[in-house]
Amino acid sequence: MPNRTSRPTSARPADPAPAQRPHHPLRGGPAPILTACLLWGTTGTVSSFAPAGAPAAAIGCAGLALGGILLLLTSRGARSLPARCTRSERRLLLLGAFAVAGYPVTFYPAVARTGVAVATVIALGSAPVFAGLLAWLTGRARPTARWTGATSAAVLGCTLLVLGPRLTGAGTPIDLTGVLLATFAGLSYAVYALIGGRLITHGHESGAVMGALFGAAGLLVLPFAPFVDVTWLGTVRGAAVAGYLALFTVYLAYRLFGHGLRRTSASAATSLTLAEPAVAAVLGVSVLGERLPYLSWCGLAVLGLGLVLLAVPAKGAVTEGR
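Since we're looking at a predicted model, the values are computed, not measured.

**Let's talk about the overall build of the protein chain**
Right, so step 1: Of the regular secondary structure elements, the protein chain holds 14 helices and zero strands.
Right, so step 2: Ordering the α and β elements of the protein chain from the N terminus gives α-α-α-α-α-α-α-α-α-α-α-α-α-α.
Right, so step 3: Burial status across the protein chain gives 46% buried among its 322 residues.
Right, so step 4: Summarising the internal contacts of the protein chain: among those between residues at least 6 apart in sequence, 88% fall at separations of at least 24.

**Looking at the side chain of threonine 249**
Right, so step 1: Here threonine 249 is to be found in helix 11 (residues 236-260).
Right, so step 2: For threonine 249, the side chain forms a polar contact with the main-chain oxygen of leucine 245, separated by 2.5 Å.
Right, so step 3: Dropping the residues within four chain positions of it, threonine 249 is found in contact with Leu39, Trp40, Thr42, Thr43, Tyr244 and Tyr254.

**A word on a nonpolar patch on the surface**
Right, so step 1: A contiguous nonpolar patch, built from Val129, Leu133, Trp136 and Leu137 and spanning about 420 Å² of accessible area, is present on the exposed surface.
Right, so step 2: Relative to the assigned elements, valine 129 resides in helix 7 (residues 116-137).

**Focus on helix 10 (residues 206-221)**
Right, so step 1: If you check helix 10, its first and last C-alpha atoms are 23 Å apart, about what 16 residues at 1.5 Å a residue would give, namely 22 Å.
Right, so step 2: Of all 16 residues making up helix 10, twelve are buried, and the element is well covered by its neighbours.
Right, so step 3: Where helix 10 is concerned, the buried positions are Ser206, Ala208, Val209, Met210, Gly211, Ala212, Leu213, Phe214, Gly215, Ala217, Gly218 and Val221.

**Section: the packing of aromatic side chains**
Right, so step 1: Under the criterion given, the structure shown has eleven aromatic pairs.
Right, so step 2: Judged by centre distance (5.9 Å) and plane angle (80 degrees), the rings of tyrosine 254 and phenylalanine 257 are edge-to-face. Here tyrosine 254 pairs with phenylalanine 257, and both are found in helix 11, just three residues apart, close to one helical turn.
Right, so step 3: On the basis of relative accessibility, which here comes to 8%, the residue tyrosine 254 falls in the buried class.
Right, so step 4: Residue classification places phenylalanine 257 among the buried positions, given a relative accessible area of 1%.
Right, so step 5: Site record: aromatic cluster; members linked through ring pairs are Trp40, Tyr189, Tyr192, Phe214, Tyr254 and Phe257.

**Side note on the packing of helix 6 (residues 87-114) against helix 9 (residues 176-201)**
In helix packing, the relevant descriptors are the interaxial angle and the interaxial distance, both defined with respect to the helix axes.
Right, so step 1: Following both chains from N to C, one finds helix 6 and helix 9 inclined at 150 degrees, their axes separated by 7 Å at the closest point. What the angle tells us is that helix 6 and helix 9 run roughly antiparallel. The interaxial crossing formed by helix 6 with helix 9 has left-handed handedness.
Right, so step 2: In the contact of helix 6 with helix 9, the residues fall into 19 nonpolar, seven polar and three charged.

**Observations regarding the packing of helix 4 (residues 56-74) against helix 11**
Right, so step 1: At their nearest, the axes of helix 4 and helix 11 sit 8 Å apart, and the two run at 50 degrees to each other. By the angle between their axes, helix 4 is oblique relative to helix 11. Crossing of helix 4 against helix 11: the hand is right-handed. Contacts between helix 4 and helix 11 involve Ile59, Gly63, Leu64, Leu66, Gly67, Gly68, Leu70, Leu71 and Thr74 from the former and Ala242, Leu245, Ala246, Leu247, Val250, Tyr251, Tyr254 and Arg255 from the latter.
Right, so step 2: In terms of residue class, the contact of helix 4 with helix 11 is made up of twelve nonpolar, four polar and one charged.

**Points about the side chain of serine 206**
Right, so step 1: Structurally, the position occupied by serine 206 is in helix 10.
Right, so step 2: Residue classification places serine 206 among the buried positions, given a relative accessible area of 10%.
Right, so step 3: Ignoring anything within four residues of it in the chain, the contact list for serine 206 reads Ile200, Gly258, His259 and Arg262.

**A short note on the nonpolar core**
Inside soluble globular proteins, nonpolar side chains tend to come together where they are buried.
Right, so step 1: Core analysis: the biggest nonpolar cluster contains 60 residues, and Phe214, Tyr254 and Phe257 have the highest contact counts within it.
Right, so step 2: A per-element tally of this core places helix 6 first, with ten residues.
Right, so step 3: Residue contacts for phenylalanine 257: discarding those within four places in its chain leaves Ile33, Ala36, Trp40, Tyr189, Ala193, Met210, Ala269 and Thr273.
Right, so step 4: In this structure, Ala50, Trp232, Val241 and Leu245 belong to the second largest nonpolar core, which totals ten residues.

**Observations regarding the confidence of the model for the protein chain**
Right, so step 1: Mean pLDDT over the protein chain: 78, with 81% of residues reaching 70 or higher.
Right, so step 2: The low-confidence segment residues 1-26 (pLDDT under 50) makes 21 contacts with residues lying over four places distant or belonging to another chain.
Right, so step 3: Within the model, pLDDT remains below 50 along residues 316-322, and this stretch shows 14 contacts once partners closer than five positions in the same chain are excluded.

**Comments concerning the environment of tyrosine 108**
Right, so step 1: Mapped onto the elements, tyrosine 108 comes out in helix 6.
Right, so step 2: For tyrosine 108, a relative accessible area of 14% gives the class buried.
Right, so step 3: Setting aside residues no more than four positions away along its own chain, tyrosine 108 makes contact with Thr43, Ala56, Ala57, Gly60 and Tyr103.

**Concerning the environment of alanine 123**
Right, so step 1: Position of alanine 123 among the secondary structure elements: in helix 7.
Right, so step 2: Apart from residues lying up to four places away in sequence, alanine 123 is in contact with Tyr103, Phe107, Ala182, Ala185 and Gly186.

Cut-offs used in this document
- Residues numbered from 1 in each chain as written.
- Predicted model: local features only at pLDDT ≥ 70, side-chain atom pairs only at ≥ 80, totals over all residues.
- Heavy atoms only, no water.
- Helix = DSSP H or I, 4+ residues; strand = E, 2+ residues; numbered from the N terminus.
- Buried < 20%, exposed > 50% of the residue type's maximum accessible area, 1.4 Å probe, protein only.
- Contact = heavy atoms within 4.5 Å.
- Polar contact = N/O pair within 3.5 Å; in protein donor to acceptor, adjacent residues only side chain to side chain.
- Patch = residues over 30% accessible without salt bridge, like charges linked within 9 Å, V, L, I, M, F, W, Y side chains within 5 Å.
- Areas by Shrake-Rupley, 256 points an atom, 1.4 Å probe, with all protein chains shown as cover.
- Salt bridge = Lys/Arg side-chain N within 4 Å of Asp/Glu carboxyl O.
- Expected span 1.5 Å × (residues − 1).
- Phe/Tyr/Trp six-rings, centres within 6.5 Å; stacked < 30°, edge-to-face > 60°.
- Axes fitted to C-alpha atoms, helices over the stretch in contact; angles between N-to-C directions.
- Parallel < 35°, antiparallel > 145°, perpendicular 65-115°, else oblique.
- Left-handed = near helix turned anticlockwise from the far one by under 90°.
- Nonpolar A, V, L, I, M, F, W, Y, C, P; charged D, E, K, R; others polar.
- Core = buried A, V, L, I, M, F, W, Y, C linked by side-chain atoms within 4.5 Å.
- pLDDT = per-residue confidence, 0-100.

Here it is in structure tokens:
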């Protein structure tokens, strides 16, 4: 990765720079991403406390708009990033902003049609597959056997975790439109993860990249406000839910995610975010009183195994963009 902080120095011997010290792989890459996943995993539980009648899409867009604009205003260099970018990088920024805006527009309606569990597993299960394929097609990286095996285990575990209740009991029909919307949400996530990772490896600060992407996306979803019910935002519960989503699941989570992308490939990062359904399932059991069958707990164990394989890099492995 290009070192943007390198400058000519005087003849005085310099102390060892932080960048020259050995860097623990978990501290710099997977750990911030997994922490972001912990925050993202609370989204469903927190949104369930929104006032009755609040549209699902409006909840997601409110969090994105508030959190994205906050990222734009507080991230150093975010507002001036387009001016520092090349023409091709500005096109990537615009495409990434549309991809970020596309996620809540497709994911939350998918949740309304298929339920949180099915929409989550389809969106997050398809994202690492899309990320790996897009990275391969664009010449960024060739899928390794380790990535393929770990991601397959994570997707299988995620599927068992979410579909366990349906496989062991009376299932309900799955809405095809909801499935397609969730798949588009997974593609949107993979696209902006890859774009964010590429801009960061080009030497741009992770905070500036995330701030520019999410700030622009927040502005893009604002025109939808007149077409949805936003009166719930005027209540204490509504404001608290929107504030939490904006501050923790957008602002803080994507700061951590951007930091993690500096030393983690986008394809691995999207695979690591499969931890989100596990967090959501645990919160559903412990907070909302939901029950999981034995098959779902087996899926949770398989998912955990896949995440361990992804979080602990192979000795001598080189990630994308380094």
